[in-house]
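# Topology and contacts: notes
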Amino acid sequence: MDMILQTHQMLHPFHMEIWLIHKLLNADIDNVGLKFYNGRPTIKSKVKLASEQASGIMIWELGQDSFSEYSLLKTIHNEYKNLGFATTELCLD
């Protein structure tokens with residue numbers, strides 16, 4: 001959060017609040033404008049599909065994942081646990 005505030009300290013407080021709200025909500029959608037990606041709902045669907053038709057799921061680039069509650073790796077882990085699969089518990093905080 002401090003880095004975000006330092007990076008965007010030129011924003012008016014009202015605009016900063018709006019920017020943060022939109023940034024946090026982006027985890028639950030699959031595109032922002034013309035930038036497309038897999039948000040948490042799509043990742044959950046892919047985990048369910050992989051659990052039924054494949055042997056697992058892979059992440060291409062962990063370095064671009066969030067290290068907060070918006071993490072796609074954590075979403076994958078939690079969804080596998082919700083489906084009743086045993087996990088390594090390696091991605092817990």
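Residues numbered from 1 in each chain as written. Predicted model: local features only at pLDDT ≥ 70, side-chain atom pairs only at ≥ 80, totals over all residues. Heavy atoms only, no water.

### Quick notes on the packing of aromatic side chains
To be explicit about the condition: Within 6.5 Å between ring centres, the rings of Phe, Tyr and Trp (the latter by its six-membered ring) count as paired, and their orientation is classed by plane angle as stacked under 30 degrees, edge-to-face over 60, tilted in between. Only protein chains enter the area calculation, which uses a 1.4 Å probe; residues under 20% of their type maximum are buried, those over 50% are exposed, and those in between are partly exposed.
Counting across every chain of the model gives 1 aromatic pair. Relative to Phe-85, the ring of Tyr-80 lies with its centre 5.4 Å away and its plane at 85°, an arrangement referred to as edge-to-face. Using a relative accessible area of 13% as the deciding quantity, one classes Tyr-80 as buried.

### Some details on the environment of Val-47
Stated formally: Strands are runs of DSSP state E lasting at least 2 residues, helices are runs of H or I lasting at least 4, and numbering of each runs from the N terminus. Contacts: residue pairs with any heavy atoms within 4.5 Å of one another.
Take Val-47: it is sitting in helix H3 (residues 40-53). When the C-alpha atoms of Val-47 and Ile-57 are compared, they prove to be 6.8 Å apart, with 10 residues separating the residues in sequence. Not counting residues within four places of it along the chain, the set of residues in contact with Val-47 comprises Ile-57, Ile-76, Glu-79, Tyr-80 and Leu-83.

### Points about the packing of H3 against helix H4 (residues 72-82)
Each pair of packed helices can be described by the angle between their axes along with the distance between the axes. Quick note on the threshold: Fitting a line to C-alpha atoms yields each axis, with helices limited to the stretch in contact; the angle taken between N-to-C directions then spans 0 to 180 degrees. Orientation categories follow fixed angle ranges, with anything under 35 degrees roughly parallel, anything over 145 roughly antiparallel, 65 to 115 roughly perpendicular, and all other angles oblique. In this scheme the handedness of a crossing depends on how the near helix is turned from the far one: anticlockwise by less than a right angle means left-handed, clockwise means right-handed. The residue classification treats Ala, Val, Leu, Ile, Met, Phe, Trp, Tyr, Cys and Pro as nonpolar and Asp, Glu, Lys and Arg as charged. All others, Gly included, are polar.
The N-to-C vectors of H3 and H4 enclose an angle of 45°; their axes lie 9 Å apart at closest approach. Relative to H4, the element H3 is oriented oblique. Judged by the twist between their axes, the crossing of H3 over H4 is right-handed. Contacts from Arg-40, Ile-43, Lys-44, Val-47, Ala-50 and Ser-51 in H3 reach Leu-72, Thr-75, Ile-76, Glu-79 and Tyr-80 in H4. For the contact of H3 with H4, the class distribution of residues is 6 nonpolar, 2 polar and 3 charged.

### Observations regarding the confidence of the model for the protein
To keep things clear, this is the line we draw: The pLDDT value tells you how sure the predictor is about a given residue, anywhere from 0 up to 100.
Across the protein, pLDDT averages 78, with 72% of residues at or above 70. Low confidence marks residues 1-8, where pLDDT is under 50. Its contacts with residues over four positions away, or in another chain, come to 8 contacts.

### Comments concerning the pattern of salt bridges
Stated precisely, the cut-off is as follows: Any carboxyl oxygen of Asp or Glu within 4 Å of a side-chain nitrogen of Lys or Arg constitutes a salt bridge here.
Applying the stated criterion to the full structure yields 2 salt bridges. For Asp-28, the salt bridge identified is with Arg-40, shortest N-O distance 2.8 Å. Remark: Arg-40 occurs in helix H3 and Asp-28 occurs in the loop between helix H2 (13-25) and strand E1 (31-32); sequence separation between them is 12 residues. According to the relative accessible area criterion, Asp-28 is partly exposed, its value standing at 37%. One salt bridge connects Glu-52 with Lys-48, and the closest N-O pair in it is separated by 2.5 Å. With a gap of 4 residues between them, Glu-52 and Lys-48 both fall in helix H3, about one helical turn apart.

### Concerning the nonpolar core
The condition is simple: By nonpolar core we mean a set of buried residues, namely Ala, Val, Leu, Ile, Met, Phe, Trp, Tyr and Cys, connected to one another through side-chain atoms within 4.5 Å.
The biggest cluster of nonpolar side chains holds 5 residues, and these are Ile-43, Val-47, Ala-50, Ile-76 and Tyr-80. Every element with two or more residues in this core is listed here: H3 and H4. Among the elements that make up this core, the one with the highest residue count is H3 (3 residues). Excluding its chain neighbours within four sequence positions, the residues that come into contact with Ile-43 are Asn-38, Leu-72, Thr-75 and Ile-76.

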